[in-house]
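Descriptive analysis of the structure
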Amino acid sequence: MTNAPSRTLRELVELLVAYARQETLDPLRRLKRLIGFGLLGAILVATGFVLVSLGLLRMLQTETDAFDGNWSFAPYLLVAGVSAIALAVAFRGMGRR
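Model, not experiment: these values are computed from the prediction. (Residues numbered from 1 in each chain as written. Predicted model: local features only at pLDDT ≥ 70, side-chain atom pairs only at ≥ 80, totals over all residues. Heavy atoms only, no water.)

1. So, helix α2 (residues 74-94)
Spanning 21 residues, α2 covers 30 Å between terminal C-alpha atoms, matching the ideal 30 Å at 1.5 Å per step. Buried within α2 we find Ala-74, Pro-75, Val-79 and Ser-83. Among the structural elements, α1 (3-63) are those in contact with the buried residues of α2. (Helix = DSSP H or I, 4+ residues; strand = E, 2+ residues; numbered from the N terminus. Expected span 1.5 Å × (residues − 1). Buried < 20%, exposed > 50% of the residue type's maximum accessible area, 1.4 Å probe, protein only. Contact = heavy atoms within 4.5 Å.)

Here it is, written out as C-alpha cells:
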C-alpha cells in the first residue's frame, strides 16, 4: 500500500515533464527552423537587391552618354532614388496581410 502514493507521484511528475516538453520544446524547435528559413530568405533577397542596384548603376554609367562630365553624380542619385522607392514599397507591403 505504501508504494501506491509514491508510484502515483512519480507518474504525475513524468506526465508533467512530458507535457511541458511537448508544449514548450517541440514548438520552439519548429519555430527555430522557420526563423532559420526566414533569415536565409532575407539574406538572399537583400543580396539580390544590392546586386540589381549595382547592375543598374553600372548600366547607367557605361551604356549612356548623358551622364558624362559634370553629370557624373546623377547615376548615383538615380539608383539611390529607385532603391528608396523600392524599399518604401517593400516596407509598406510588409504591414499588410
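Let's pick the thread back up.
2. Considering the nonpolar core
One finds Leu-57, Leu-60, Phe-67, Ala-74 and Val-79 forming the largest nonpolar core, which totals five residues. Secondary structure elements with two or more residues in this core: α1 and α2. Aside from chain neighbours lying at most four places away, what touches Leu-57 is Pro-75, Tyr-76 and Val-79. (Core = buried A, V, L, I, M, F, W, Y, C linked by side-chain atoms within 4.5 Å.)

3. Quick word on the pattern of salt bridges
Oppositely charged side chains can pair when the atoms bearing their charge come close. This structure, assessed with the given rule, holds one salt bridge. Taking the shortest distance from any N to any O, the salt bridge between Arg-29 and Asp-26 comes out at 3.1 Å. Placement of the pair is Arg-29 and Asp-26 together in helix α1, with a separation of three residues, close to one helical turn. (Salt bridge = Lys/Arg side-chain N within 4 Å of Asp/Glu carboxyl O.)

4. Regarding α1
Spanning 61 residues, α1 covers 88 Å between terminal C-alpha atoms, matching the ideal 90 Å at 1.5 Å per step. Along α1, the helix axis deviates most sharply at Gln-22, where the bend reaches about 30 degrees. Regarding α1, the residues found buried are Ser-53, Leu-57 and Leu-60. Looking at the buried positions of α1, the neighbouring elements they touch are α2. (Bend = angle between axes of the 7 residues up to and from the residue.)

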